[in-house]
Amino acid sequence: MSARYDGRMNNQLRPQKASQGILFKADGSARFSFDKTSALCAIHGPLEPRYPTVNSNLIVRVITSSGSLTSPSTMSLAATLRRIFSNVIHLPFQPRSEIQVAVTLESDLGEFALLASSVNAIMLALMDAGVACTKTVAAVCIGINREGKVVLDPGAEEAKGLKSIHTFAFDNHDKSHMVFSSGEFTLNDMKISTVTGGAACRMVLGFMRNVVTQKAERDQKCLL
Amino acid sequence: MSLEFRTLQPAQYVRKHIEAGFRPDGRKLSERRPVSISSGHIKSADGSAIVRQGNTTVVCGIKLELSKPATEAPNTGFIVPNVTLPAMCHPSVKSGPPSADAQSLSTFIKEVIESSQLIDPADLCPIPSKAAWVLFIDVICLDHDGNIKDAAVAAVVASLRSLKLPRVEYDSDMEKICVTSDFVELSLRDLVVSSSFAVLDVGSVNLIADPTWEEEERVDSTITLVLFESGDICLTAHSGGLPISQQTLQSAMKLATTQSKEVLKALKLLK
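Attention in this report is confined to the structure presented alongside it.

1. A short note on the interface of chain B and chain A
- Across the boundary between the two partners, chain B contributes 25 residues, which contact 27 residues of chain A.
- Between chain B and chain A, a total of about 2,200 Å² is buried, with carbon and sulfur atoms accounting for 55% of that surface.
- The three residues of chain B that bury the most area against chain A are Gln103, Ile233 and Ser239 of chain B, which together make up 21% of that side's buried surface.
- Here Arg189 of chain B makes a salt bridge to Glu184 of chain A, at a shortest N to O gap of 2.6 Å.
- Our count for the contact surface shared by chain B and chain A stands at nine residue pairs in polar contact (both at pLDDT 80 or more).
- Counting only elements with at least two residues in the side of chain B that touches chain A, the list comes to helix H3 (100-116), strand S11 (233-244) and helix H6 (246-269) of chain B.
- In terms of residue count, S11 of chain B provides more of the side of chain B that touches chain A than any other element does, 12 residues in total.
- A per-class count over the side of chain B that touches chain A returns 11 nonpolar, 12 polar and two charged.
- Of the pairings in the sheet, the one linking strand S9 (residues 176-185) of chain A to S11 of chain B comprises seven bridges and is antiparallel in character. Its bridge partner lying in S11 of chain B, Ser182 of chain A is registered against Leu235 of chain B.

2. Some details on the packing of H3 of chain B against helix H4 (residues 148-162) of chain B
Residues and elements named next belong to chain B.
- Two elements in contact, H3 and H4, have axes separated by 11 Å at closest approach and are oriented at 50°. Taken as axis vectors, H3 and H4 run oblique relative to one another. When the axes of H3 and H4 are compared, the crossing they make is right-handed. Two secondary-structure elements touch here, H3 through Leu105, Phe108, Ile109, Val112 and Ile113 and H4 through Ile148, Lys149, Ala152, Val153 and Val156.
- By residue class, the composition of the contact of H3 with H4 is nine nonpolar, no polar and one charged.

3. Remarks on the pairing of strand S8 (residues 164-171) of chain A
All names here are of chain A.
- For S8, a buried count of eight out of eight residues is recorded, marking the element as mostly surrounded by other parts of the structure.
- A two-sided burial pattern is seen for S8, the buried positions comprising Ser164, His166, Phe168 and Phe170 on one face and Ile165, Thr167, Ala169 and Asp171 on the other.
- Taken together, the eight bridges between strand S6 (residues 137-144) and S8 define a ladder with antiparallel strand orientation. Paired with Cys141 across the bridge in S8 is Thr167.
- Where S8 lies against S9, seven bridges are found, and the strand directions are antiparallel. Across the sheet, residue His166 finds its bridge partner in S9, namely Ser181.

4. A few points about the sheet that holds strand S2 (residues 28-34) of chain A
Residues and elements named next belong to chain A.
- Taken together, five strands build an open sheet; the order of strands is S1-S2-S3-S5-S4 and the sheet is mixed. Sheet topology places strand S1 (16-20) and strand S4 (57-63) at the edges, where each strand pairs with a single neighbour. Looking at each pair of strands side by side, their axes are set apart by 15° on average, direction ignored.
- Both S2 and strand S3 (residues 37-47) contribute to a ladder of seven bridges, which runs antiparallel. Looking at S3, one finds that Phe34 is bridged to Thr37.
- In this fold helix H2 (residues 113-129) packs onto S1, S2, S3 and strand S5 (98-105), with an angle of close to 150° to the strand it touches most, S2.

5. A look at the packing of aromatic side chains
- In the structure shown here, the tally under the stated rule is four aromatic pairs over all chains.
- With 6.0 Å between their ring centres and 80° between their planes, Phe32 of chain A and Phe207 of chain A make a pair best called edge-to-face. On the criterion of sequence distance, the pair formed by Phe32 of chain A in strand S2 and Phe207 of chain A in helix H4 (residues 187-223) is long-range, its members being 175 residues apart.
- Consider the rings of Phe168 of chain A and Phe170 of chain A, whose centres lie 6.0 Å apart with planes at 35°: the pair is tilted.
- Here Phe168 of chain A falls in the buried class, since its relative accessible area comes to 0%.
- Its relative accessible area of 7% is what places Phe170 of chain A among the buried residues.
- Sitting above the plane of the Phe108 of chain B ring, Lys149 of chain B keeps its charged end 5.2 Å from the centroid.

6. Some points on unusual backbone geometry
All names here are of chain A.
- Gly45 connects to Pro46 through a cis peptide bond whose omega is -10°.
- By the element assignment, Pro46 lies in strand S3.
- If you check the backbone angles, Arg96 has positive phi at about 55° while not being a glycine.
- Along the chain, Arg96 turns up in the loop between helix H1 (72-86) and S5.
- By relative accessible area, Arg96 is classed as exposed at 58%.

7. Observations regarding helix H2 (residues 10-20) of chain B
All names here are of chain B.
- Along H2, the residues classified as buried are Pro10, Tyr13, Val14, His17 and Ile18. An end-on view of H2 places all buried positions within 125° of arc, on one side of the element.
- In this structure, the buried side of H2 is in contact with helix H1 (2-8), strand S8 (192-201), strand S9 (205-209) and helix H5 (213-217).
- With its phi angle positive at about 95°, Gly21 sits one or two positions after the end of H2.

8. A look at empty space enclosed by the protein
Residues and elements named next belong to chain B.
- A full pass over the atoms with the stated rule returns three cavities of 30 Å³ or more.
- The calculated volume of the largest cavity comes to roughly 40 Å³.
- Forming the walls of the largest cavity are Ile109, Val112, Ile113, Leu118, Val153, Val156, Val157 and Val192.
- Mapped onto the lining of the largest cavity, the elements with two or more residues apiece are H3 and H4.

Cut-off values and rules
Residues numbered from 1 in each chain as written. Chains lettered and ligands numbered in written order. Predicted model: local features only at pLDDT ≥ 70, side-chain atom pairs only at ≥ 80, totals over all residues. Heavy atoms only, no water. Contact = heavy atoms within 4.5 Å. Buried area = accessible area lost by both parts, 1.4 Å probe. Salt bridge = Lys/Arg side-chain N within 4 Å of Asp/Glu carboxyl O. Polar contact = N/O pair within 3.5 Å; in protein donor to acceptor, adjacent residues only side chain to side chain. Helix = DSSP H or I, 4+ residues; strand = E, 2+ residues; numbered from the N terminus. Nonpolar A, V, L, I, M, F, W, Y, C, P; charged D, E, K, R; others polar. Pairing = 2+ DSSP bridges. Axes fitted to C-alpha atoms, helices over the stretch in contact; angles between N-to-C directions. Parallel < 35°, antiparallel > 145°, perpendicular 65-115°, else oblique. Left-handed = near helix turned anticlockwise from the far one by under 90°. Buried < 20%, exposed > 50% of the residue type's maximum accessible area, 1.4 Å probe, protein only. Phe/Tyr/Trp six-rings, centres within 6.5 Å; stacked < 30°, edge-to-face > 60°. Lys NZ or Arg CZ within 6 Å of the ring centre and 35° of its normal. Arc of directions from axis to C-beta. 1 Å grid on protein atoms, 1.4 Å probe; cavity = no way out; pocket = protein on both sides within 12 Å on 5 of 7 lines; lining within 4 Å. Points joined across faces, edges and corners; volume = space filled by probe spheres on them.

What follows is the structure, given as C-alpha coordinates:
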(Lines give C-alpha, C1' and ligand atoms only; values in the text may rest on other atoms or scores of the structure.)
Protein backbone atom coordinates (compact mmCIF):
# COMPACT_ATOMS: atom_id res chain seq x y z
CA MET A 1 0.00 0.00 0.00
CA SER A 2 1.58 3.26 -1.03
CA ALA A 3 1.27 6.41 1.04
CA ARG A 4 -1.20 9.14 0.06
CA TYR A 5 -0.56 12.80 -0.65
CA ASP A 6 0.09 13.57 3.02
CA GLY A 7 1.85 10.33 3.95
CA ARG A 8 -1.24 8.61 5.37
CA MET A 9 -2.15 5.02 4.65
CA ASN A 10 -5.56 4.18 3.15
CA ASN A 11 -6.98 3.29 6.56
CA GLN A 12 -5.92 6.44 8.39
CA LEU A 13 -8.12 9.41 9.20
CA ARG A 14 -6.71 12.92 9.17
CA PRO A 15 -5.77 14.27 12.62
CA GLN A 16 -8.97 15.35 14.37
CA LYS A 17 -9.17 18.34 16.66
CA ALA A 18 -12.15 19.26 18.77
CA SER A 19 -12.94 21.70 21.55
CA GLN A 20 -16.11 22.41 23.51
CA GLY A 21 -17.38 25.49 25.31
CA ILE A 22 -15.50 27.97 23.15
CA LEU A 23 -18.32 30.52 22.74
CA PHE A 24 -19.38 32.21 25.96
CA LYS A 25 -22.82 33.49 25.01
CA ALA A 26 -24.05 30.24 23.52
CA ASP A 27 -25.61 27.58 25.74
CA GLY A 28 -23.30 25.05 24.11
CA SER A 29 -20.61 25.24 21.46
CA ALA A 30 -17.99 23.10 19.82
CA ARG A 31 -15.55 23.07 16.99
CA PHE A 32 -14.60 19.90 15.15
CA SER A 33 -12.03 19.52 12.41
CA PHE A 34 -10.55 16.83 10.21
CA ASP A 35 -7.19 18.61 9.75
CA LYS A 36 -8.17 21.90 8.01
CA THR A 37 -11.79 20.96 7.30
CA SER A 38 -13.43 22.60 10.25
CA ALA A 39 -16.97 23.36 11.43
CA LEU A 40 -18.05 25.47 14.39
CA CYS A 41 -21.39 24.93 16.05
CA ALA A 42 -23.31 27.09 18.51
CA ILE A 43 -26.43 25.87 20.32
CA HIS A 44 -29.05 28.13 21.88
CA GLY A 45 -31.85 26.48 23.75
CA PRO A 46 -34.34 25.83 25.09
CA LEU A 47 -35.79 29.10 23.83
CA GLU A 48 -39.25 30.61 23.48
CA PRO A 49 -40.61 29.18 20.25
CA ARG A 50 -42.46 31.17 17.64
CA TYR A 51 -45.28 28.63 17.45
CA PRO A 52 -45.39 26.28 20.44
CA THR A 53 -45.50 22.63 19.45
CA VAL A 54 -45.81 19.46 21.50
CA ASN A 55 -42.22 18.41 20.88
CA SER A 56 -39.51 21.05 20.98
CA ASN A 57 -38.78 22.61 17.64
CA LEU A 58 -35.35 22.17 16.09
CA ILE A 59 -33.97 24.95 13.90
CA VAL A 60 -30.70 24.48 12.05
CA ARG A 61 -28.85 27.24 10.24
CA VAL A 62 -25.70 26.78 8.20
CA ILE A 63 -23.41 29.67 7.31
CA THR A 64 -20.45 29.38 4.99
CA SER A 65 -17.14 31.06 5.68
CA SER A 66 -18.00 33.73 3.10
CA GLY A 67 -21.17 34.62 5.01
CA SER A 68 -23.65 32.97 2.66
CA LEU A 69 -26.74 31.81 4.53
CA THR A 70 -29.49 31.21 2.03
CA SER A 71 -27.80 29.63 -0.97
CA PRO A 72 -29.29 26.30 -2.12
CA SER A 73 -26.33 24.27 -0.86
CA THR A 74 -26.38 25.75 2.67
CA MET A 75 -30.16 25.38 2.95
CA SER A 76 -29.92 21.83 1.70
CA LEU A 77 -27.18 21.03 4.22
CA ALA A 78 -29.25 22.62 7.00
CA ALA A 79 -32.26 20.49 6.03
CA THR A 80 -30.12 17.34 6.08
CA LEU A 81 -28.62 18.15 9.48
CA ARG A 82 -32.09 18.92 10.83
CA ARG A 83 -33.40 15.53 9.65
CA ILE A 84 -30.50 13.72 11.29
CA PHE A 85 -30.63 15.52 14.61
CA SER A 86 -34.42 15.39 14.91
CA ASN A 87 -33.79 11.71 15.54
CA VAL A 88 -30.84 12.19 17.85
CA ILE A 89 -32.16 14.90 20.16
CA HIS A 90 -34.89 13.76 22.50
CA LEU A 91 -37.40 16.36 21.33
CA PRO A 92 -40.31 15.38 23.64
CA PHE A 93 -38.06 16.14 26.65
CA GLN A 94 -38.78 19.87 26.57
CA PRO A 95 -42.14 20.59 24.93
CA ARG A 96 -43.14 24.06 23.76
CA SER A 97 -39.56 25.17 23.31
CA GLU A 98 -37.06 25.69 20.54
CA ILE A 99 -33.48 24.55 20.05
CA GLN A 100 -31.42 26.66 17.66
CA VAL A 101 -28.36 25.17 16.05
CA ALA A 102 -26.05 27.45 14.08
CA VAL A 103 -23.22 25.85 12.12
CA THR A 104 -20.44 27.87 10.54
CA LEU A 105 -18.41 26.09 7.88
CA GLU A 106 -14.92 27.34 8.49
CA SER A 107 -13.30 26.34 5.24
CA ASP A 108 -14.45 26.79 1.68
CA LEU A 109 -12.50 24.27 -0.31
CA GLY A 110 -15.85 22.62 -1.02
CA GLU A 111 -14.83 19.42 0.65
CA PHE A 112 -17.33 16.62 1.21
CA ALA A 113 -15.85 16.27 4.67
CA LEU A 114 -17.59 19.52 5.69
CA LEU A 115 -20.83 17.60 6.09
CA ALA A 116 -19.07 15.09 8.33
CA SER A 117 -17.36 17.85 10.35
CA SER A 118 -20.70 19.65 10.80
CA VAL A 119 -22.38 16.51 12.18
CA ASN A 120 -19.52 15.95 14.63
CA ALA A 121 -19.41 19.60 15.70
CA ILE A 122 -23.17 19.62 16.36
CA MET A 123 -22.95 16.40 18.40
CA LEU A 124 -20.18 17.80 20.61
CA ALA A 125 -22.02 21.11 20.99
CA LEU A 126 -25.21 19.30 22.05
CA MET A 127 -23.27 17.49 24.73
CA ASP A 128 -21.71 20.79 25.81
CA ALA A 129 -25.17 22.40 26.01
CA GLY A 130 -26.57 19.49 27.99
CA VAL A 131 -29.39 18.87 25.49
CA ALA A 132 -31.06 15.49 26.10
CA CYS A 133 -30.17 13.08 23.31
CA THR A 134 -31.14 9.47 22.76
CA LYS A 135 -27.95 8.53 20.92
CA THR A 136 -24.60 9.91 19.84
CA VAL A 137 -23.70 10.10 16.17
CA ALA A 138 -20.42 10.61 14.37
CA ALA A 139 -19.82 11.12 10.68
CA VAL A 140 -16.94 10.38 8.40
CA CYS A 141 -16.09 10.57 4.70
CA ILE A 142 -14.88 7.52 2.76
CA GLY A 143 -13.61 7.34 -0.80
CA ILE A 144 -13.03 4.56 -3.31
CA ASN A 145 -10.07 5.21 -5.57
CA ARG A 146 -9.56 4.20 -9.19
CA GLU A 147 -7.94 0.92 -8.11
CA GLY A 148 -11.05 -0.02 -6.17
CA LYS A 149 -9.41 0.44 -2.77
CA VAL A 150 -11.23 2.10 0.12
CA VAL A 151 -9.58 5.31 1.27
CA LEU A 152 -10.51 6.95 4.59
CA ASP A 153 -11.17 10.67 4.96
CA PRO A 154 -9.95 12.00 1.60
CA GLY A 155 -8.62 15.57 1.42
CA ALA A 156 -10.21 18.15 -0.89
CA GLU A 157 -7.78 17.69 -3.79
CA GLU A 158 -7.54 13.92 -3.28
CA ALA A 159 -11.34 13.62 -3.46
CA LYS A 160 -11.42 15.01 -7.00
CA GLY A 161 -9.45 12.03 -8.31
CA LEU A 162 -11.54 9.34 -6.60
CA LYS A 163 -14.06 7.10 -8.28
CA SER A 164 -16.71 7.61 -5.61
CA ILE A 165 -17.17 9.41 -2.28
CA HIS A 166 -19.40 8.22 0.56
CA THR A 167 -20.29 10.16 3.68
CA PHE A 168 -21.71 8.12 6.55
CA ALA A 169 -23.11 8.93 9.96
CA PHE A 170 -23.40 6.05 12.42
CA ASP A 171 -24.60 6.14 15.99
CA ASN A 172 -23.31 4.40 19.08
CA HIS A 173 -25.58 1.41 18.34
CA ASP A 174 -24.00 1.00 14.88
CA LYS A 175 -27.14 2.17 13.10
CA SER A 176 -26.75 4.31 9.99
CA HIS A 177 -28.34 7.76 10.16
CA MET A 178 -27.00 9.21 6.96
CA VAL A 179 -25.63 7.94 3.69
CA PHE A 180 -24.60 10.27 0.86
CA SER A 181 -22.74 8.59 -1.95
CA SER A 182 -21.78 10.03 -5.30
CA GLY A 183 -19.54 9.11 -8.19
CA GLU A 184 -19.66 5.77 -9.92
CA PHE A 185 -19.93 2.64 -7.83
CA THR A 186 -21.56 -0.78 -7.54
CA LEU A 187 -23.62 -2.43 -4.81
CA ASN A 188 -20.47 -4.27 -3.70
CA ASP A 189 -18.62 -0.95 -3.33
CA MET A 190 -21.49 0.26 -1.15
CA LYS A 191 -21.28 -2.82 1.07
CA ILE A 192 -17.54 -2.46 1.61
CA SER A 193 -17.67 1.26 2.17
CA THR A 194 -20.56 0.90 4.65
CA VAL A 195 -18.59 -1.58 6.76
CA THR A 196 -15.52 0.67 6.66
CA GLY A 197 -17.70 3.70 7.34
CA GLY A 198 -19.18 2.05 10.42
CA ALA A 199 -15.72 1.23 11.78
CA ALA A 200 -14.43 4.75 11.04
CA CYS A 201 -17.43 6.37 12.76
CA ARG A 202 -16.73 4.22 15.81
CA MET A 203 -13.18 5.63 15.82
CA VAL A 204 -14.50 9.19 15.67
CA LEU A 205 -17.00 8.45 18.46
CA GLY A 206 -14.08 7.20 20.56
CA PHE A 207 -12.22 10.44 19.85
CA MET A 208 -15.29 12.49 20.84
CA ARG A 209 -15.59 10.46 24.05
CA ASN A 210 -11.97 11.38 24.90
CA VAL A 211 -12.64 15.07 24.26
CA VAL A 212 -15.67 15.09 26.55
CA THR A 213 -13.88 13.11 29.28
CA GLN A 214 -10.85 15.40 29.24
CA LYS A 215 -13.02 18.51 29.42
CA ALA A 216 -14.96 17.04 32.35
CA GLU A 217 -11.69 16.32 34.17
CA ARG A 218 -10.41 19.86 33.50
CA ASP A 219 -13.68 21.36 34.75
CA GLN A 220 -13.46 19.22 37.88
CA LYS A 221 -9.93 20.49 38.57
CA CYS A 222 -11.11 24.11 38.15
CA LEU A 223 -13.87 23.58 40.67
CA LEU A 224 -11.60 22.14 43.34
CA MET B 1 -66.19 6.62 6.69
CA SER B 2 -62.80 6.07 5.11
CA LEU B 3 -62.67 9.71 3.98
CA GLU B 4 -63.01 10.86 7.60
CA PHE B 5 -60.33 8.41 8.66
CA ARG B 6 -58.07 9.63 5.84
CA THR B 7 -58.49 13.28 6.80
CA LEU B 8 -58.35 12.97 10.58
CA GLN B 9 -55.77 10.23 10.99
CA PRO B 10 -53.63 10.36 7.84
CA ALA B 11 -50.64 8.62 9.40
CA GLN B 12 -52.76 5.69 10.61
CA TYR B 13 -54.53 5.55 7.24
CA VAL B 14 -51.25 5.05 5.38
CA ARG B 15 -49.91 2.69 8.04
CA LYS B 16 -52.93 0.37 7.93
CA HIS B 17 -52.57 0.05 4.17
CA ILE B 18 -48.85 -0.72 4.33
CA GLU B 19 -49.46 -3.33 7.04
CA ALA B 20 -51.90 -5.03 4.68
CA GLY B 21 -49.31 -4.98 1.90
CA PHE B 22 -50.70 -2.36 -0.48
CA ARG B 23 -51.08 1.41 -0.80
CA PRO B 24 -54.00 3.86 -0.62
CA ASP B 25 -54.04 4.13 -4.42
CA GLY B 26 -54.08 0.34 -4.82
CA ARG B 27 -50.45 -0.11 -5.90
CA LYS B 28 -48.22 -2.84 -4.49
CA LEU B 29 -45.44 -1.62 -2.21
CA SER B 30 -42.77 -2.02 -4.86
CA GLU B 31 -44.84 -0.65 -7.71
CA ARG B 32 -43.99 2.65 -9.37
CA ARG B 33 -46.58 4.89 -10.97
CA PRO B 34 -46.61 4.86 -14.78
CA VAL B 35 -44.29 7.52 -16.19
CA SER B 36 -44.84 9.50 -19.37
CA ILE B 37 -42.16 11.79 -20.76
CA SER B 38 -42.32 14.12 -23.73
CA SER B 39 -39.64 16.54 -24.83
CA GLY B 40 -38.97 19.47 -27.11
CA HIS B 41 -42.43 21.04 -26.91
CA ILE B 42 -41.49 24.40 -25.43
CA LYS B 43 -40.22 26.28 -28.46
CA SER B 44 -38.90 29.29 -26.56
CA ALA B 45 -36.56 27.05 -24.58
CA ASP B 46 -33.46 25.50 -26.13
CA GLY B 47 -34.31 22.18 -24.55
CA SER B 48 -37.40 21.11 -22.67
CA ALA B 49 -39.33 18.16 -21.31
CA ILE B 50 -42.51 17.39 -19.39
CA VAL B 51 -42.70 14.39 -17.09
CA ARG B 52 -45.90 12.98 -15.63
CA GLN B 53 -45.56 10.41 -12.90
CA GLY B 54 -49.07 9.61 -11.68
CA ASN B 55 -50.35 13.02 -10.58
CA THR B 56 -46.91 14.53 -10.15
CA THR B 57 -46.14 16.80 -13.10
CA VAL B 58 -42.76 18.41 -13.63
CA VAL B 59 -41.61 20.67 -16.46
CA CYS B 60 -37.98 21.32 -17.31
CA GLY B 61 -36.71 24.09 -19.57
CA ILE B 62 -33.10 24.74 -20.55
CA LYS B 63 -31.98 28.17 -21.71
CA LEU B 64 -28.59 28.80 -23.23
CA GLU B 65 -26.53 31.92 -22.78
CA LEU B 66 -23.09 32.68 -24.03
CA SER B 67 -20.56 33.95 -21.52
CA LYS B 68 -16.84 34.31 -20.98
CA PRO B 69 -15.38 31.26 -19.21
CA ALA B 70 -13.81 31.67 -15.77
CA THR B 71 -10.09 32.52 -15.87
CA GLU B 72 -9.22 29.56 -13.66
CA ALA B 73 -11.22 27.18 -15.91
CA PRO B 74 -10.94 28.48 -19.49
CA ASN B 75 -12.17 25.23 -21.07
CA THR B 76 -15.36 24.68 -19.14
CA GLY B 77 -18.89 25.96 -19.45
CA PHE B 78 -21.42 26.42 -16.64
CA ILE B 79 -24.44 24.40 -15.55
CA VAL B 80 -26.92 26.20 -13.29
CA PRO B 81 -29.82 24.00 -12.15
CA ASN B 82 -32.76 25.39 -10.24
CA VAL B 83 -35.90 23.70 -8.96
CA THR B 84 -38.99 25.79 -8.23
CA LEU B 85 -42.01 24.67 -6.26
CA PRO B 86 -44.58 27.37 -7.07
CA ALA B 87 -47.56 27.91 -4.80
CA MET B 88 -49.87 26.26 -7.36
CA CYS B 89 -48.36 22.82 -7.01
CA HIS B 90 -49.78 21.94 -3.61
CA PRO B 91 -51.96 23.58 -0.91
CA SER B 92 -49.12 23.25 1.61
CA VAL B 93 -46.71 25.32 -0.52
CA LYS B 94 -46.74 29.05 0.21
CA SER B 95 -45.59 31.73 -2.20
CA GLY B 96 -42.42 33.61 -1.32
CA PRO B 97 -38.69 32.91 -1.33
CA PRO B 98 -37.64 29.36 -2.20
CA SER B 99 -38.36 26.95 0.65
CA ALA B 100 -35.79 24.57 2.11
CA ASP B 101 -37.43 21.78 0.09
CA ALA B 102 -36.93 23.64 -3.19
CA GLN B 103 -33.34 24.48 -2.30
CA SER B 104 -32.66 20.85 -1.35
CA LEU B 105 -34.07 19.71 -4.69
CA SER B 106 -31.89 22.23 -6.56
CA THR B 107 -28.83 20.95 -4.73
CA PHE B 108 -29.89 17.36 -5.43
CA ILE B 109 -30.14 17.99 -9.20
CA LYS B 110 -26.76 19.74 -9.15
CA GLU B 111 -25.22 16.77 -7.33
CA VAL B 112 -26.74 14.28 -9.80
CA ILE B 113 -25.37 16.21 -12.78
CA GLU B 114 -21.93 16.61 -11.22
CA SER B 115 -21.66 13.11 -9.86
CA SER B 116 -22.79 11.41 -13.04
CA GLN B 117 -20.67 13.71 -15.24
CA LEU B 118 -23.59 13.59 -17.66
CA ILE B 119 -22.12 16.42 -19.67
CA ASP B 120 -18.45 16.95 -20.32
CA PRO B 121 -17.91 20.62 -19.28
CA ALA B 122 -15.46 20.94 -22.18
CA ASP B 123 -18.36 20.30 -24.59
CA LEU B 124 -19.90 23.49 -23.28
CA CYS B 125 -16.89 25.59 -24.25
CA PRO B 126 -16.76 26.00 -28.03
CA ILE B 127 -14.01 28.63 -27.95
CA PRO B 128 -11.69 28.22 -24.96
CA SER B 129 -10.99 31.44 -22.99
CA LYS B 130 -13.49 33.37 -25.09
CA ALA B 131 -16.90 31.75 -25.30
CA ALA B 132 -18.60 29.27 -23.00
CA TRP B 133 -22.20 28.16 -22.76
CA VAL B 134 -24.17 28.67 -19.59
CA LEU B 135 -26.97 26.11 -19.25
CA PHE B 136 -29.78 27.45 -17.10
CA ILE B 137 -31.74 24.32 -16.21
CA ASP B 138 -35.08 25.30 -14.69
CA VAL B 139 -37.30 22.61 -13.25
CA ILE B 140 -40.78 23.64 -12.24
CA CYS B 141 -43.21 21.41 -10.43
CA LEU B 142 -46.73 22.02 -11.67
CA ASP B 143 -48.40 19.38 -9.55
CA HIS B 144 -46.91 17.91 -6.41
CA ASP B 145 -48.10 14.43 -5.58
CA GLY B 146 -44.90 13.12 -4.07
CA ASN B 147 -41.51 12.03 -5.36
CA ILE B 148 -40.48 15.16 -7.23
CA LYS B 149 -36.86 13.96 -7.16
CA ASP B 150 -37.42 11.11 -9.60
CA ALA B 151 -39.59 13.19 -11.92
CA ALA B 152 -37.10 16.08 -11.85
CA VAL B 153 -34.15 13.86 -12.75
CA ALA B 154 -36.12 12.29 -15.62
CA ALA B 155 -37.15 15.75 -16.85
CA VAL B 156 -33.57 17.07 -16.75
CA VAL B 157 -32.18 14.05 -18.61
CA ALA B 158 -34.94 14.23 -21.24
CA SER B 159 -34.39 17.99 -21.75
CA LEU B 160 -30.66 17.51 -22.11
CA ARG B 161 -31.27 14.87 -24.75
CA SER B 162 -33.45 17.32 -26.69
CA LEU B 163 -30.91 20.14 -26.35
CA LYS B 164 -29.13 21.41 -29.42
CA LEU B 165 -26.18 23.77 -29.07
CA PRO B 166 -25.75 26.37 -31.83
CA ARG B 167 -22.33 26.24 -33.43
CA VAL B 168 -20.12 29.12 -32.37
CA GLU B 169 -17.35 30.55 -34.54
CA TYR B 170 -14.64 33.01 -33.75
CA ASP B 171 -13.64 35.53 -36.36
CA SER B 172 -10.03 36.31 -35.39
CA ASP B 173 -9.69 39.24 -37.84
CA MET B 174 -12.74 41.05 -36.48
CA GLU B 175 -12.29 39.53 -32.97
CA LYS B 176 -15.98 38.75 -32.87
CA ILE B 177 -17.88 35.71 -31.70
CA CYS B 178 -20.58 34.61 -34.13
CA VAL B 179 -23.40 32.24 -33.27
CA THR B 180 -24.33 30.40 -36.42
CA SER B 181 -27.65 28.76 -37.20
CA ASP B 182 -26.06 25.32 -37.41
CA PHE B 183 -26.55 23.04 -34.46
CA VAL B 184 -24.22 20.70 -32.65
CA GLU B 185 -25.64 17.74 -30.76
CA LEU B 186 -24.83 17.54 -27.08
CA SER B 187 -23.69 14.02 -26.26
CA LEU B 188 -24.61 12.67 -22.85
CA ARG B 189 -22.16 10.33 -21.20
CA ASP B 190 -24.88 7.99 -19.99
CA LEU B 191 -28.51 8.01 -18.94
CA VAL B 192 -29.41 8.21 -15.28
CA VAL B 193 -32.63 7.25 -13.56
CA SER B 194 -33.60 8.17 -10.03
CA SER B 195 -35.56 5.79 -7.77
CA SER B 196 -36.85 7.06 -4.45
CA PHE B 197 -38.27 4.91 -1.71
CA ALA B 198 -40.09 5.79 1.48
CA VAL B 199 -39.21 3.67 4.49
CA LEU B 200 -41.86 2.75 7.02
CA ASP B 201 -41.40 0.46 9.99
CA VAL B 202 -44.63 -1.39 10.81
CA GLY B 203 -42.98 -4.21 12.70
CA SER B 204 -40.97 -5.08 9.65
CA VAL B 205 -39.20 -2.44 7.61
CA ASN B 206 -41.04 -1.77 4.36
CA LEU B 207 -39.74 -0.06 1.26
CA ILE B 208 -42.40 1.93 -0.56
CA ALA B 209 -41.52 2.75 -4.16
CA ASP B 210 -42.43 6.12 -5.69
CA PRO B 211 -44.35 7.55 -2.70
CA THR B 212 -47.28 9.94 -3.19
CA TRP B 213 -47.44 13.19 -1.21
CA GLU B 214 -49.71 11.58 1.36
CA GLU B 215 -47.22 8.74 1.90
CA GLU B 216 -44.12 10.98 1.82
CA GLU B 217 -45.47 13.11 4.66
CA ARG B 218 -46.20 10.18 6.94
CA VAL B 219 -43.19 7.90 6.64
CA ASP B 220 -40.09 7.49 8.76
CA SER B 221 -37.54 8.41 6.09
CA THR B 222 -36.72 8.25 2.38
CA ILE B 223 -33.83 6.77 0.37
CA THR B 224 -33.01 7.90 -3.14
CA LEU B 225 -30.82 5.91 -5.49
CA VAL B 226 -29.71 7.28 -8.84
CA LEU B 227 -28.53 4.60 -11.24
CA PHE B 228 -26.67 4.69 -14.53
CA GLU B 229 -28.08 2.74 -17.47
CA SER B 230 -25.26 0.26 -16.93
CA GLY B 231 -26.61 -0.56 -13.45
CA ASP B 232 -23.83 1.17 -11.54
CA ILE B 233 -24.91 3.60 -8.87
CA CYS B 234 -24.38 7.30 -9.37
CA LEU B 235 -25.79 8.68 -6.15
CA THR B 236 -27.26 7.41 -2.88
CA ALA B 237 -28.98 9.75 -0.46
CA HIS B 238 -30.55 9.00 2.88
CA SER B 239 -30.55 11.22 5.91
CA GLY B 240 -32.32 11.21 9.22
CA GLY B 241 -35.50 9.40 10.07
CA LEU B 242 -35.24 5.69 10.57
CA PRO B 243 -31.72 4.24 10.58
CA ILE B 244 -31.33 2.10 7.47
CA SER B 245 -29.73 -1.33 7.63
CA GLN B 246 -27.51 -2.80 4.91
CA GLN B 247 -30.30 -5.25 4.06
CA THR B 248 -32.80 -2.46 3.39
CA LEU B 249 -30.25 -0.68 1.20
CA GLN B 250 -29.63 -3.84 -0.80
CA SER B 251 -33.35 -4.46 -1.32
CA ALA B 252 -33.69 -0.84 -2.44
CA MET B 253 -30.84 -1.36 -4.92
CA LYS B 254 -32.49 -4.45 -6.42
CA LEU B 255 -35.85 -2.69 -6.75
CA ALA B 256 -34.22 0.39 -8.23
CA THR B 257 -32.43 -1.67 -10.88
CA THR B 258 -35.63 -3.35 -12.11
CA GLN B 259 -37.69 -0.17 -11.96
CA SER B 260 -35.29 2.06 -13.83
CA LYS B 261 -35.75 -0.10 -16.93
CA GLU B 262 -39.22 1.34 -17.49
CA VAL B 263 -38.05 4.93 -17.23
CA LEU B 264 -35.06 4.21 -19.47
CA LYS B 265 -37.43 2.83 -22.09
CA ALA B 266 -39.52 6.02 -21.94
CA LEU B 267 -36.39 8.18 -22.21
CA LYS B 268 -35.08 6.28 -25.21
CA LEU B 269 -38.42 6.53 -27.05
CA LEU B 270 -37.94 10.29 -27.20
CA LYS B 271 -35.35 10.15 -29.96
